[in-house]
Each structure stands twice: as C-alpha cells, then as structure tokens.
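Read off the chains here:
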Amino acid sequence: MALGTSGHHCLFLALLLLSTAVYGQPLSTSFYATTCPSLESIVRTAVTNAIASESRMGASLLRLFFHDCFVQGCDASILLDDTGSFTGEKTAFPNVNSVRGYEVIDQIKTNVEAACPGIVSCADIVALAARDGTFLLGGPTWNVSLGRRDSTTASWSQANSDLPNPASSLATLLAAFGNKGLNATDMTALSGAHTVGFTQCQVYRDRIYNDTNINTPFARLRQSNCPATKGVNDTVLAPLDVQTQVTFDNAYYGDLTKYKGLLHSDQELYNGGSQDALVKKYSSNSAVFFADFVAAMIKMGNISPLTGTDGQIRANCRVVNSS
Ligand code: HEM
Ligand SMILES: *[C@@H]1O[C@H](CO)[C@@H](O)[C@H](O)[C@H]1NC(C)=O
Ligand SMILES: *[C@@H]1O[C@H](CO)[C@@H](O)[C@H](O)[C@H]1NC(C)=O
Ligand SMILES: *[C@@H]1O[C@H](CO)[C@@H](O)[C@H](O)[C@H]1NC(C)=O
Ligand SMILES: *[C@@H]1O[C@H](CO)[C@@H](O)[C@H](O)[C@H]1NC(C)=O
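This is a predicted model, so every value here is computed, not measured.

Each value, and the rule that gives it
Residues numbered from 1 in each chain as written. Chains lettered and ligands numbered in written order. Predicted model: local features only at pLDDT ≥ 70, side-chain atom pairs only at ≥ 80, totals over all residues. Heavy atoms only, no water. Salt bridge = Lys/Arg side-chain N within 4 Å of Asp/Glu carboxyl O. Helix = DSSP H or I, 4+ residues; strand = E, 2+ residues; numbered from the N terminus. Buried < 20%, exposed > 50% of the residue type's maximum accessible area, 1.4 Å probe, protein only. UniProt positions renumbered as here; feature names shortened; annotations may be inferred. Contact = heavy atoms within 4.5 Å. Lys, Arg positive; Asp, Glu negative; His and termini not counted. Polar contact = N/O pair within 3.5 Å; in protein donor to acceptor, adjacent residues only side chain to side chain. Near = heavy atom within 4 Å. Areas by Shrake-Rupley, 256 points an atom, 1.4 Å probe, with all protein chains shown as cover. Core = buried A, V, L, I, M, F, W, Y, C linked by side-chain atoms within 4.5 Å. Domains from an automatic or database assignment. Axes fitted to C-alpha atoms, helices over the stretch in contact; angles between N-to-C directions. Left-handed = near helix turned anticlockwise from the far one by under 90°. Nonpolar A, V, L, I, M, F, W, Y, C, P; charged D, E, K, R; others polar.

Novice: Hey, could you run me through the pattern of salt bridges in this one?
Specialist: Counting across every chain of the model gives 13 salt bridges. A salt bridge links Arg318 to Asp106; the nearest nitrogen and oxygen atoms lie 2.7 Å apart. One end of the pair, Arg318, is in the segment after α14 (286-301); the other, Asp106, is in helix α4 (residues 102-115), and 212 residues separate them in sequence. Of the residues examined, Asp106 reaches a relative accessible area of 21% and is grouped as partly exposed.

Below is the structure:
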C-alpha cells in the first residue's frame, strides 16, 4: 500500500516534469497574487496618467505588445537598448522612429520595483499595459495571464522578417499571423487595433497616391498634408481610423467597408477576399468584434513565453541583468 502510494507519487512527478519540459508552464491570472498583489493597480494608475497626458499612448502601448510578441515571443525582447556590442530590436525597420511607450514601461517598472522588488517581469508589464491601454480608450477588458519571464536576447533580424509590412497582401498577412499560431479570424480581429493610433505620411503615401481601391474624397483629404514627394512631410501623422481616432470601437471596420483604410494592409482585409464577410460582421456588431479581439489578444499573449527558470526578471527593462 505504502509502495503503491509512493509509486503513484513518482509517476505523478515524472509526468509533471515531462509535461513541463515539453509544454512549458502555463501562464496564470493569479501568478503574482501573493508576491505582488498591488501590481495591477500600479499598472492601471500609470497607464491612466500616461493617457491623460497623451491619449495616443494607449494605442502605442497596445502596439508595443504586438511587436514584442511577434519577435521571439512575449519576452520583452523589444525593450532591450542597443549597446556597443549588442543590437536589439528597437532599430529594426518596423520599430525605428515608430514604436513608442518605452518611457511609460520604465515608469511602471520603477513603481512596481518599489512595491515588489525583483518579482515582476517586464514582459508581464507590457501585457498588462496593452490591456489597460485598450480598456481605457473604450475597448474591452480581459484577465491577463501572467508568469512570463524576460529574455536575455533580442533579434533585429526576426523583427525585420516577422513583423508584417503595411504593403503586404492579404495572403502575406495571413501567413505572417499563421506563423505565430494565429488564424484568419485572429488576424482580422487583431487588426481592429487600428481603430486607435496614428501613422506617418511616409508609411501611407503610396496608398493614398497609388492604390485604386481607396475612397477618392478620403485620399484627397489625406493628400492635403502628405505630398507625393518623398522627403516632404514624411512624419506628418494621420489617424488610422478616420472616424473615432482615440476611441477603441468597431469604426475601423466601417472605414474598410467604405474603402477608407489608411494602410494598404488594412484595406486588404476588405478587397473582395476571404475576410470581407468578417469585416462586415465586425462593422455592424461591436460585441462580436470585442469578443474575438479579446480571444485573439489572449492567444497572442501566449506566443512562446519564457516560464519557470527560463530567462530572468530584469531589474531594468532596457538591459539584461549583469550577474
Ligand atoms: C495586420 C498587420 C499589421 C500591420 C501591417 C501593421 C502596421 C502598422 C503600421 C505601419 C503602423 C504605423 C507606424 C508608423 O506610421 O509609424 C501601425 C500602427 C499601429 N498598429 Fe499596427 N499593424 C498590424 C497589426 C497590428 C496589430 C495586430 C496590433 C495590435 C494588436 C496593431 C496595433 C497598432 C496600433 C495601436 C498602432 C498605432 C500606434 C501609435 O499611434 O503609436 N497593429 N501598424
Ligand atoms: C476576471 O476573473 C475574475 C475572477 O475569476 C472574474 O470574476 C471576472 O469576471 C473576470 N473578468 C473578465 C473580464 O473576464
Ligand atoms: C481561429 O481559432 C479560434 C480558436 O483559437 C477558433 O475559435 C476559430 O474558429 C478559428 N477560426 C478560423 C477561421 O479557423
Ligand atoms: C507610385 O508607384 C510608382 C511605381 O511603383 C512609384 O514610382 C511612385 O514612387 C509611387 N508614388 C508614391 C507617391 O508613392
Ligand atoms: C505639411 O504639413 C503641414 C502640417 O500638417 C501642412 O500645414 C502643410 O500644408 C503640409 N505641406 C504639404 C506640402 O502638404
């Protein structure tokens, strides 16, 4: 009897070790419940303050999480600064002079370290800040699974190869998301993040002068301060959603049905292809969009996290720990 019990324990332990080795440890919404109970309120307060000074920051934090998760998984690799001997992801083409919010993450990390030193990863802070940015701009909320750890590496080349380009076709977008385990529904729902935030003239210039599937008055409106000549007004900003630029709602999909997508990649979702019906559904039913967006954000947040004893808890989100 005693032998049988210990035999069961050994089998249980062996299976646990095996499943951990093969599948990694699952993330959990209660991961810091006892070790850092004030975490979520600290993040919420800091994101609220950041959005109060600049509403766009909610959008920027949402994008930061996407650009983290698509490169090596959700491991805060995007936060590492370049040094003389290290090239990180910040200077990769999709990120340089474009990704924002690093200072907000630094501020949150400082506040979290003061309350619970050495406990909370930068990767989890980015995940929470993205959720809060979405919610505080009027979008849905969800419980964020936690327990990610921080990378000791970053990949400039993977940031260039794996983050989707705004000139992409629908097939290319589907493949880029498919590579990360995200399907067509996830891709179309996650693209709804473009209901908030801004983009630069140099990014959408080609679309507003050269694309034919664009609403003409809308193209003229955007051409009015984004001239065709490269080098002129390159960094002038326009909202990704022409209707409600700082509100997280389903208006982006309504834009697409009127051929008012500002990026070529946006309009690819509604251009006679496989996603047209879903775009129409989201444009007329924000509850379905919100539900699918939340499910896809949770899926995106599960891309290859470092867990257990892998990686580290960085003391400073910008640098790998020295010891
Ligand atoms: C479908 C493929 C996607 C492409 C090709 C794409 C591309 C872009 C580009 C080019 C910009 C503007 C950059 C600039 O002008 O500096 C942008 C902005 C933005 N993207 Fe995406 N994106 C995609 C998907 C996503 C996803 C999945 C999310 C989040 C879930 C997201 C969130 C955002 C947000 C919120 C902004 C505005 C950021 C700000 O104002 O600071 N995007 N995106
Ligand atoms: C988050 O989890 C709590 C506790 O399980 C639950 O009461 C709450 O409804 C959840 N919130 C969302 C938005 O799912
Ligand atoms: C995408 O995946 C979700 C589950 O993660 C599933 O509910 C949905 O049906 C899938 N959509 C497609 C088009 O495969
Ligand atoms: C339009 O496309 C042509 C041909 O590819 C290119 O030479 C030109 O630079 C594009 N114009 C703009 C404004 O992007
Ligand atoms: C450049 O942008 C500024 C500010 O939006 C605008 O006033 C000006 O007309 C633009 N110049 C051109 C040539 O479009």
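Novice: How should the UniProt feature "binding site: Ca(2+) 2" (unreviewed entry) in the protein chain be read in this particular structure?
Specialist: Using the residue numbers shown here, the UniProt feature "binding site: Ca(2+) 2" (unreviewed entry) corresponds to Thr195, Asp241, Thr244 and Asp249. These residues run over 55 residues, yet every pair of their C-alpha atoms falls within 9.8 Å of each other. Along the chain, Thr195 falls in the loop between α8 (184-190) and β1 (198-200). Given a relative accessible area of 0%, Thr195 falls into the buried group. Excluding residues within four positions of it along the chain, Thr195 makes contact with Asp241, Thr244, Gln245, Thr247, Phe248, Asp249, Ala251 and Tyr252. Relative to the helices and strands, Asp249 is located in the loop between β2 (237-239) and α11 (251-257). Judged by relative accessible area, Asp249 falls into the buried class, the value being 17%.

Novice: Please clarify how the side chain of Asp276 should be interpreted in this entry.
Specialist: Summarising the element assignment, Asp276 is placed in helix α13 (residues 276-284). Buried within the structure, Asp276 lacks any salt-bridge partner; its nearest side chain of opposite charge belongs to Lys280, at an N-O separation of 7.0 Å. Within the structure, the side chain of Asp276 is placed 2.9 Å from the backbone nitrogen of Gly272, a separation counted as a polar contact. Aside from chain neighbours lying at most four places away, what touches Asp276 is Leu269, Tyr270 and Asn271.

Novice: Whenever I open this one, the site of ligand 5 confuses me. Can you help?
Specialist: The environment of ligand 5 is made up of Ser224, Asn225, Pro227, Asn233 and Val236. Take Asn225: an N or O atom from its side chain is 3.4 Å from an oxygen atom of ligand 5. Between an oxygen atom of ligand 5 and a side-chain N or O atom of Asn233, the distance comes to 2.3 Å. Considering ligand 5 on its own, with 360 Å² of exposed area, one finds that the protein chains cover 43% of that surface.

Novice: Honestly, the nonpolar core in this entry has me stumped. Any pointers?
Specialist: Soluble, globular proteins show a tendency: their nonpolar side chains are buried together. Counting residues in hydrophobic clusters, the biggest one holds 73 residues, and the most contacted among them are Leu79 and Met300. Structurally, this core is a two-domain feature, drawing no fewer than three residues from each of domain 1 (39-162) and domain 2 (170-299). Setting aside its immediate chain neighbours within four residues, Leu79 contacts Leu64, Lys90, Tyr102, Ile105, Cys122, Val126, Arg314, Cys317 and Arg318. Membership of the second largest hydrophobic core comes to 11 residues, among which are Ile214, Phe218, Ala219 and Cys226.

Novice: I tried to follow unusual backbone geometry on my own but got confused; where do I start?
Specialist: Across residues other than glycine, the phi torsion is negative in most instances, and most of the peptide bonds are trans. A positive phi angle is found at Asn233, which is not glycine, with a value near 55°. Exposure remark for Asn233: the relative accessible area of 37% places this residue in the partly exposed category.

Novice: Got a minute to help me understand the packing of α4 against helix α5 (residues 122-136) in this structure?
Specialist: A packed helix pair is summarised by two numbers, namely the angle formed by the two axes and the spacing between the axes. Remark: α4 packs on α5, axes separated minimally by 10 Å, with the N-to-C direction vectors making an angle of 115°. When you trace α4 past α5, the crossing you get is right-handed. Facing α4, whose interface residues are Ile105, Ile108, Lys109 and Val112, α5 presents Cys122, Ile125, Val126 and Ala129. Grouping the amino acids of the contact of α4 with α5 by side-chain chemistry returns seven nonpolar, no polar and one charged.

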